[in-house]
Amino acid sequence: MTEAHETIAGQVIEDTVVSAGEPWSAEVRKGDIVRLVDLEGQQAVDFLCYDLAARSDRYNAANTIKLNNSIYLGQETVLWSVRARPLMTIIADTCGSHDTLYGCCSIEIDRVRFDKENSWGCQQNFEKELAKHGMDEKDIAANVNFFMYVPVREDGHIAISDGRSKPGDYVDLRAEVDVLVVISNCPERDNAAAGYKPTPIRTVVYRPDS
Ligand SMILES: [Zn+2]
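This write-up is about the structure you can find in this document. (Residues numbered from 1 in each chain as written. Predicted model: local features only at pLDDT ≥ 70, side-chain atom pairs only at ≥ 80, totals over all residues. Heavy atoms only, no water.)

**Some thoughts on the sheet that holds strand S12 (residues 201-208)**
Reading across from one edge, S1-S12-S3-S10-S7-S6 is the order of the 6 strands in this open sheet, with antiparallel pairing throughout. Each edge of the open sheet carries a strand with a single partner, namely strand S1 (10-18) and strand S6 (78-80). Averaged over all neighbouring strand pairs, the angle between strand axes comes to 20°, with direction disregarded. Pairing between S6 and strand S7 (residues 86-93): 3 bridges, direction antiparallel. Each bridged residue has a counterpart across the sheet, and for Trp80 the counterpart in S7 is Pro86. (Pairing = 2+ DSSP bridges. Helix = DSSP H or I, 4+ residues; strand = E, 2+ residues; numbered from the N terminus. Axes fitted to C-alpha atoms, helices over the stretch in contact; angles between N-to-C directions.)

Set out below in structure tokens:
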């Protein structure tokens, strides 16, 4: 639990352990940094962000893939918006690769994929958390999956593989404008997204030393 603190160079504004399967959100000021810590490893963190002042200008997966020339996110990757503006930049990454393609789990897709009646999913987490900000399902876009490994083969085949994140791996995201960040600590138990066993994560918002 101490590894995240030891390397934070700045003033901690919020430091939260997000329980397994739970959502979290925060308004983050321009220049501040959000650290996501995968406390136990192999835990997908479904992630959305919005320009706080103009929330329809939100994270856009296609623009992010195009402007980074990659389907994976990592060090120095910029999260681009619908209007092709930088929302956040990954300034540290101890894991190395994060997914842009696979979207989120839901009660409904688990019914189709696994023929199971699961009680909750990231879609439901996003809806619950967005409601706190006066937003709803229309505000959910194709999301980032931090700490989730989804290799794409040359023939286009795609599937979740075992996560590569180790306990304590983290990403630091610097806000390039004031943003709203909304995450779902993925509750999925039926694939490798959360290593078949959802675990807690830690979120730290901090203001870097100038
Ligand atoms: Zn999920």
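**As for the coordination of the zinc ion**
The coordination sphere of the zinc ion contains the protein donors Cys105 (SG), Cys122 (SG) and Cys186 (SG), at a distance range of 2.2 to 2.3 Å. Counting residues between consecutive donors of the zinc ion along the chain gives the motif C-x16-C-x63-C. Placement of the pair is Cys105 in the loop between strand S8 (98-99) and helix H3 (107-114) and Cys122 in helix H4 (residues 122-131), with a sequence separation of 17 residues. (Donors = N, O, S within 2.8 Å, 3.2 Å for Na, K, Ca; no water.)

**Some details on a nonpolar patch on the surface**
The grouping of Leu101, Val152 and Ile158 at the surface amounts to a nonpolar patch, some 200 Å² of accessible area in total. Looking at the element boundaries, Leu101 is found in the loop between S8 and H3. (Patch = residues over 30% accessible without salt bridge, like charges linked within 9 Å, V, L, I, M, F, W, Y side chains within 5 Å. Areas by Shrake-Rupley, 256 points an atom, 1.4 Å probe, with all protein chains shown as cover. Salt bridge = Lys/Arg side-chain N within 4 Å of Asp/Glu carboxyl O.)

Spatial relationships are all this shows, so hold off on functional conclusions.
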